[in-house]
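Residue strings, one per chain:
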Amino acid sequence: ILSGYLNEVIVNYFKGDKNHNLEVVHIIEKYPLGTAGSLKQIENIVSKKFLVIYGDTFFDINIKKFVEFDKKYDAPIGTIFSHPNDHPYDSDLIIVKDNLVEKFVPKPHKDLSCLRNNVNAAFYILNKNIFNYIEENENKDLGRDIFPNVPKYHIASYKSSEYIKDIGTKERLVQVFNDYKSGKTFRRNLKNISLEEQGNNPVVKMKILIDAERKTNITEWNKYKYLLDLPGAHPWSVRFKELLATN
């Protein structure tokens, strides 16, 4: 655990028998280092690959699928979780090609007309190679200062419509609390989606169309091009594009 301001709250929480038989290593920064500078402190502690989870993020996702995706692409720096959200103007956006990040566009944004709502959700699987881009004892932010300097296509993007939200403001915290009480967060987790719900999901319908590719003409395909931009479309988008190109 990396912490700074109000670290004593976290220290007190893990006192006693609350560790659930886990060994907790707690590093407290002496002065503000930002998300990147703080991360640099664990360079000699973590394994080759490690999860980075921000303390002001609430999530209910299928982490197993996220890990499987990272293993499949095995990008030199790692994989970031991406999704559309309701406040792209103050979020770090990414431009992706074939599930690999082509460009990072740090917040804030005055004009979103030329950018897709594809947000860096601040949930990562990183390779230790990331430390080559972070200077020690400097206050730096991963999204603003580090990721934009990583070469193109060295980070994979896992796009999902599952529930993950920044609770860094009072309004967003209240929204997440209400979503949790209503069961919305649980229902969005891929492992909790029922077969019936999948049958009514347009992304799943696209997969059904792809499975029937030989029976469908190009006019029908073009009707469903918009589905490629939907959250969760990535498992089939590559094949879909190939089919459009060959028909």
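Here the structure is a predicted model, which is why all the values come from computation and not from measurement.

Rules behind the numbers
- Residues numbered from 1 in each chain as written.
- Predicted model: local features only at pLDDT ≥ 70, side-chain atom pairs only at ≥ 80, totals over all residues.
- Heavy atoms only, no water.
- Buried < 20%, exposed > 50% of the residue type's maximum accessible area, 1.4 Å probe, protein only.
- Helix = DSSP H or I, 4+ residues; strand = E, 2+ residues; numbered from the N terminus.
- Pairing = 2+ DSSP bridges.
- Arc of directions from axis to C-beta.
- Polar contact = N/O pair within 3.5 Å; in protein donor to acceptor, adjacent residues only side chain to side chain.
- Phe/Tyr/Trp six-rings, centres within 6.5 Å; stacked < 30°, edge-to-face > 60°.
- Contact = heavy atoms within 4.5 Å.
- Core = buried A, V, L, I, M, F, W, Y, C linked by side-chain atoms within 4.5 Å.
- Expected span 1.5 Å × (residues − 1).

J.: Give me the lowdown on the pairing of strand β5 (residues 78–83), citing residues and values where you can.
T.: Strand residues, when the strand is regular, have side chains that alternate between the two faces of the sheet. Taken across its six residues, β5 has six buried, putting it largely inside the fold. The side-chain alternation of β5 yields two buried faces, one formed by Gly78, Ile80 and Ser82 and the other by Thr79, Phe81 and His83. In this structure, β5 lies alongside strand β8 (residues 119–127), joined through five bridges in antiparallel fashion. Its bridge partner lying in β8, Ile80 is registered against Tyr124. Relative to strand β9 (residues 155–159), β5 runs parallel, the two being bridged by five bridges. Looking at β9, one finds that Gly78 is bridged to Ile155.

J.: Account for helix α3 (residues 63–73), naming residues and giving values.
T.: Along α3, the positions that sit buried rather than exposed are Phe66, Phe69 and Asp70. With its buried residues spanning 100 degrees around the axis, α3 presents them on a single face. In α3, the exposed positions that point more than 90 degrees away from the buried face belong to Lys64, Lys71 and Lys72. For α3, the side-chain oxygen to backbone nitrogen distance between the N-cap and Lys64 is 3.2 Å, and the N-cap itself is Asn62. Remark: Asp74 follows α3 within two positions and exhibits a positive phi of approximately 45 degrees.

J.: An account of the packing of aromatic side chains is needed here, citing residue identities and associated values.
T.: A full pass over the atoms with the stated rule returns 15 aromatic pairs. With a centroid separation of 5.7 Å and 55 degrees between ring planes, the pair formed by Phe66 and Phe123 is classed as tilted. Within this pair, whereas Phe66 is found in helix α3, its partner Phe123 is found in strand β8, the two being separated by 57 residues in sequence. Note on Phe123: relative accessible area 0%, which makes it buried. Through a chain of ring-to-ring contacts, the aromatic side chains of Phe59, Phe66, Phe69, Tyr73, Phe81, Phe123 and Tyr158 assemble into a single cluster.

J.: Which residues make up the side chain of Ser38, and what values do they have?
T.: Mapped onto the elements of the fold, Ser38 is located in helix α2 (residues 34–39). Exposure remark for Ser38: the relative accessible area of 9% places this residue in the buried category. Those residues in contact with Ser38 that sit more than four places away from it in its chain are Leu2, Glu29 and Leu33.

J.: Describe the environment of Ile167, and please don't skip the residues or the numbers.
T.: By the element assignment, Ile167 lies in the loop between β10 (163–166) and α5 (170–182). Sequence spacing of Ile167 and Asp56 is 111 residues, and the spatial spacing of their C-alpha atoms is 5.4 Å. If we skip the residues at most four places from it in the chain, Ile167 touches Asp56, Thr57, Phe58, Arg172, Leu173 and Val176.

J.: Please set out the environment of Ile77 residue by residue, giving values where relevant.
T.: Turning to its location among the elements, Ile77 is positioned in the loop between α3 and β5. Each C-alpha atom of the pair Ile77 and Lys128 lies 7.4 Å from the other, and the pair is 51 residues apart in sequence. Apart from the residues within four sequence positions on either side, Ile77 is in contact with Ile125, Leu126, Asn127, Asn129, Ile130, Tyr133, Val150, His154 and Ile155.

J.: Please provide a residue-by-residue account of the nonpolar core, values included.
T.: Membership of the largest hydrophobic core comes to 24 residues, with the highest contact counts inside it found for Tyr124, Leu126, Ile130, Leu142 and Phe147. Contributions of two or more residues to this core are made by α2, β3 (49–53), β7 (100–105), β8 and α4 (142–146). With three residues, β8 is the largest single contributor of residues to this core. Beyond its immediate sequence surroundings of up to four residues, Phe147 is in contact with Ile80, Phe104, Asn120, Tyr124, Leu126, Ile130, Leu142 and Ile155. Membership of the second largest hydrophobic core comes to eleven residues, among which are Ile61, Ala75, Ala121 and Phe123.

J.: Provide a residue-level description of α5, including the pertinent values.
T.: When the terminal C-alpha atoms of α5 are compared, their 19 Å separation across 13 residues agrees well with the 18 Å that a helix rising 1.5 Å per residue should span. Among the residues of α5, those classed as buried are Arg172, Val176 and Asp179. Considered in projection along α5, the buried side chains sweep an arc of 60 degrees and stay on one side of the axis. Along α5, exposed side chains directed more than 90 degrees from the buried face belong to Lys170, Glu171 and Lys181. Tucked inside the fold, the buried residues of α5 contact β4 (57–60), β10 and α6 (184–188). Where α5 terminates, the next one or two residues include Gly183, which has phi positive at roughly 90 degrees.

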